[in-house]
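Descriptive structure summary
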Amino acid sequence: QVQLVESGGGLVQAGDSLRLSCVVSGRIFSINSMNWYRQAPGKQRELIANVVSGGSINYADSIKGRFTISRDNAMNTVSLQMNSLKPEDTAVYYCNAQLRTAPLSPDINYWGQGTQVTVSS
């Protein structure tokens, strides 16, 4: 059983900062990528940041320069530092990990429960 537990969401004002964290636990052989998605009301869930096992990092244009993703391989955690928040960043933020539970098992996507981030103007 694999679990992803997020923390750190909340209600802030425009220009403020928040830090989201996600801990991956359970039967884990290896983690390929660790990712943050978000889903705003009435919109599709979108990938906003990811870091793969080799360390390569990618950001969506909408958050580039304001958000920073970091990964701790020893602790199986991924964080998202969000600075200069805007009202349009309001969404439910989801942690996602693509991982293997055994050496010969395929990569499977696992999701956290989501954490609400609300940015007031």
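Our structure's up above, just so we're on the same page.
These notes cover the structure that comes with them. (Residues numbered from 1 in each chain as written. Predicted model: local features only at pLDDT ≥ 70, side-chain atom pairs only at ≥ 80, totals over all residues. Heavy atoms only, no water.)

1. Let's talk about the side chain of Ser105
- The residue Ser105 is located in the loop between strand S9 (91-100) and strand S10 (108-111) in this model.
- A polar side-chain atom of Ser105 sits 3.2 Å from the main-chain amide nitrogen of Thr101. (Helix = DSSP H or I, 4+ residues; strand = E, 2+ residues; numbered from the N terminus. Polar contact = N/O pair within 3.5 Å; in protein donor to acceptor, adjacent residues only side chain to side chain.)

2. Some details on the state of the cysteines
- For the coordinates displayed, the defined rule picks out one disulfide.
- Residue Cys22 pairs covalently with Cys95 via a disulfide, S to S 2.1 Å. One quick way to see it: the torsion about the S-S bond of Cys22 and Cys95 is about -80°, and its sign makes the bridge left-handed. Of this pair, Cys22 sits in strand S3 (residues 18-26) while Cys95 sits in strand S9; the two residues are 73 residues apart in sequence, bridging distant segments of the chain. The pair formed by Cys22 and Cys95 is uniform in burial state, with each residue classed as buried. (Disulfide = S-S within 2.5 Å. Buried < 20%, exposed > 50% of the residue type's maximum accessible area, 1.4 Å probe, protein only.)

3. Section: the packing of aromatic side chains
- Applying the stated criterion across every chain yields a total of two aromatic pairs.
- Summarising the aromatic geometry, the rings of Tyr94 and Trp111 are spaced 6.4 Å apart at their centres and angled 85° between planes, so their arrangement reads as edge-to-face. Of this pair, Tyr94 sits in strand S9 while Trp111 sits in strand S10, and the two are 17 residues apart along the sequence.
- Accessibility expressed as a relative area gives 14% for Tyr94, which makes it buried.
- In this structure, Arg45 packs its charged tip against the face of Tyr94, placed 3.7 Å from the ring centre.
- For Arg45, the ring lying beneath its charged end belongs to Trp111, and the centroid distance is 4.7 Å. (Phe/Tyr/Trp six-rings, centres within 6.5 Å; stacked < 30°, edge-to-face > 60°. Lys NZ or Arg CZ within 6 Å of the ring centre and 35° of its normal.)

4. Things to note about the pattern of salt bridges
- All told, the structure shown has five salt bridges when counted by the stated rule.
- Between Asp89 and Arg66 there is a salt bridge whose closest N-O contact spans 2.7 Å. Placement of Asp89 in the loop between strand S8 (77-82) and S9 and of Arg66 in the loop between strand S6 (57-59) and strand S7 (67-72) is noted, with a sequence separation of 23 residues between them.
- Classification of Asp89 as buried rests on a relative accessible area of 0%.
- By sharing partners, the salt bridges in this structure join Arg38, Glu46, Arg66 and Asp89 into a single network. (Salt bridge = Lys/Arg side-chain N within 4 Å of Asp/Glu carboxyl O.)

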